[in-house]
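For reference, the chains in residue letters:
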Amino acid sequence: MVENRIPTPLVMRAGGSTLHVETRGYDARVVARLRTVPGAGWDPDRRRWVVPAKPESVARLRALFPEVRIPTGQVEAGSGGG
C-alpha cells in the first residue's frame with residue numbers, strides 16, 4: 001500500500017518580519033492548506049509563499065504541517081488578544 005502523505009513545505013527565514021515557504025513541486029493539498037494561514041500569500045516572482053512571522057500564522061503552519069521546522073527566533077511577539 002502506498003502512503004499518500006501531504007509533503008511538508010520548507011520554511012526559511014526572510015528578512016524582517018516574514019517567512020518564506022517553499023514546496024517541492026505543486027501539490028493542490030499543500031496549496032489549499034497554505035491558503036488558510038493568516039496573512040499568507042503567493043509571490044509569483046520568487047515562486048514561493050510569504051507568511052508573516054506572527055504567532056497565529058506560525059501556529060497555523062505547525063497545525064497544518066506537524067513536521068514543519070520554523071527557524072528559531074523568527075516569530076514576532078504576540079500582541080495579546082485572540
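Here, every reference points to the structure presented above.
Predicted, not measured: the structure shown is a model, and the values here were computed from it.

Draft legend 1. Main features of the overall build of the chain. From N to C terminus, the chain includes two helices and four strands. Ordered by position from the N terminus, the helices and strands of the chain form the series β-β-α-β-β-α. Scored against the burial criterion, the 82 residues of the chain give a buried share of 30%. Carbon together with sulfur atoms contributes 49% to the accessible area of the chain, which is approximately 5,700 Å² in total.

Draft legend 2. Structural detail: the environment of Pro38. Here Pro38 lies in the loop between α1 (28-34) and β3 (41-43). Expressed as a C-alpha distance, the spacing of Pro38 and Lys54, which sit 16 residues apart in the sequence, is 9.0 Å.

Draft legend 3. View of the pattern of salt bridges. Overall, the coordinates contain three salt bridges when judged by the stated rule. Arg48 is paired through a salt bridge with Glu22; the nearest N and O atoms lie 3.3 Å apart. On the criterion of sequence distance, the pair formed by Arg48 in strand β4 (residues 48-52) and Glu22 in strand β2 (residues 18-22) is long-range, its members being 26 residues apart. On the basis of relative accessibility, which here comes to 16%, the residue Arg48 falls in the buried class.

Calculation criteria
- Residues numbered from 1 in each chain as written.
- Predicted model: local features only at pLDDT ≥ 70, side-chain atom pairs only at ≥ 80, totals over all residues.
- Heavy atoms only, no water.
- Helix = DSSP H or I, 4+ residues; strand = E, 2+ residues; numbered from the N terminus.
- Buried < 20%, exposed > 50% of the residue type's maximum accessible area, 1.4 Å probe, protein only.
- Areas by Shrake-Rupley, 256 points an atom, 1.4 Å probe, with all protein chains shown as cover.
- Salt bridge = Lys/Arg side-chain N within 4 Å of Asp/Glu carboxyl O.

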